[in-house]
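Coordinates in review
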Amino acid sequence: MPSLDAQYVQRMEDVLALYEKPFSRREPVICFDERPVQLLDSKRDMLPMHSGAIARRDFEYVRCGTTNLFCAVEPRTGRHFVKATRCRKAFAEAVRDLARRYPNARKIHLVLDNLNIHTRFSLTRRFGWKEGLRLWSRFCVHYTPVHGSWLNQAEIEVSLVSRQCLGHQRVASVETLRDRTRAWERDANRHRVPIRWAFTTAEARHIFHYHPEDFIRDED
């Protein structure tokens, strides 16, 4: 983590204050992240399991390109959203699909990191100015600090998808990845395990040894 400055503290406390708010169905809090996935296929067929021996897979593999996973979670309810796309430029489509999951929400609080595509421009470029603005207006975006993505609970979601859905399995195509992530999403949304976030604003001030007034004086 870099040295604390006014922007880092402001963004960190904004996100932490959001996590501490009472649960509201009208204003859900969603954490959103993405990760690249390398597509791999086995160079040789797997040797099937038979009596007295487990199935065996050759260590050699063939690279089949890369793809992208968008992952979102509503921490308080354990509601999950996963979308496999050919590249991360599909951010606008992922945001649109996420908005459709909450048709009755007055405002959707969205926690994002500082990736350059995480902007209103991505939506207006994809859907046009009017529709892009309408869609973006449904969200209240809360950016984590630069080098502060650890504050985004979607990193926990990405970790869950990586371990529980993909594991050490090889995925050779986007279609296979979509099938697997959809199955994982359905199962995760049946169980609805919430994330119990314990790090608070008070703890941040204690651990990092600062008070907000220090940064207000620095700005003046």
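Below, the structure is looked at part by part.

Our focus in this paragraph is the overall build of the protein chain. Of the regular secondary structure elements, the protein chain holds eight helices and five strands. Residue burial in the protein chain is summarised as follows: out of 220 residues, 42% are buried. A sequence separation of at least 24 residues applies to 74% of the contacts in the protein chain between residues at least 6 apart. Split by element, the accessible area of the protein chain, about 13000 Å² in all, is 51% carbon and sulfur.

Looking now at the pattern of salt bridges. Enumeration over the complete set of coordinates arrives at ten salt bridges. Between Glu 185 and Arg 101 there is a salt bridge, and its shortest N-O distance comes to 3.2 Å. Of this pair, Glu 185 sits in helix H6 (residues 174–191) while Arg 101 sits in the loop between helix H2 (91–100) and strand E4 (108–112), and the two are 84 residues apart along the sequence. Owing to a relative accessible area of 11%, Glu 185 belongs among the buried residues under this scheme. Residue Arg 101 is classed as partly exposed on the basis of its relative accessible area of 29%.

Turning our attention to unusual backbone geometry. A positive phi is found at Arg 192, a non-glycine position, where the angle reads about 50°. Looking at where Arg 192 falls in the secondary structure, it is placed in the loop between H6 and helix H7 (201–208).

This part is about the packing of helix H5 (residues 154–166) against H6. Contact geometry for H5 and H6: axes closest at 10 Å, N-to-C directions at 110°. The angle between the axes of H5 and H6 places the two elements in the roughly perpendicular class. Each of Glu 157, Leu 160, Val 161, Gln 164, Cys 165 and Leu 166 in H5 lies in contact with H6, whose residues at this interface are Leu 177, Arg 180, Thr 181 and Trp 184.

Within the secondary structure, His 109 is located in strand E4. With a relative accessible area of 7%, His 109 lands in the buried category. Engagement of the side chain of His 109 in a polar contact is seen with the side chain of His 142, the distance being 2.9 Å. If we ignore the near neighbours within four places in the chain, the residues touching His 109 are Leu 18, Lys 21, Glu 27, Pro 28, Val 29, Ile 30, Cys 140 and His 142.

Cut-offs and rules
Residues numbered from 1 in each chain as written. Predicted model: local features only at pLDDT ≥ 70, side-chain atom pairs only at ≥ 80, totals over all residues. Heavy atoms only, no water. Helix = DSSP H or I, 4+ residues; strand = E, 2+ residues; numbered from the N terminus. Buried < 20%, exposed > 50% of the residue type's maximum accessible area, 1.4 Å probe, protein only. Contact = heavy atoms within 4.5 Å. Areas by Shrake-Rupley, 256 points an atom, 1.4 Å probe, with all protein chains shown as cover. Salt bridge = Lys/Arg side-chain N within 4 Å of Asp/Glu carboxyl O. Axes fitted to C-alpha atoms, helices over the stretch in contact; angles between N-to-C directions. Parallel < 35°, antiparallel > 145°, perpendicular 65-115°, else oblique. Polar contact = N/O pair within 3.5 Å; in protein donor to acceptor, adjacent residues only side chain to side chain.

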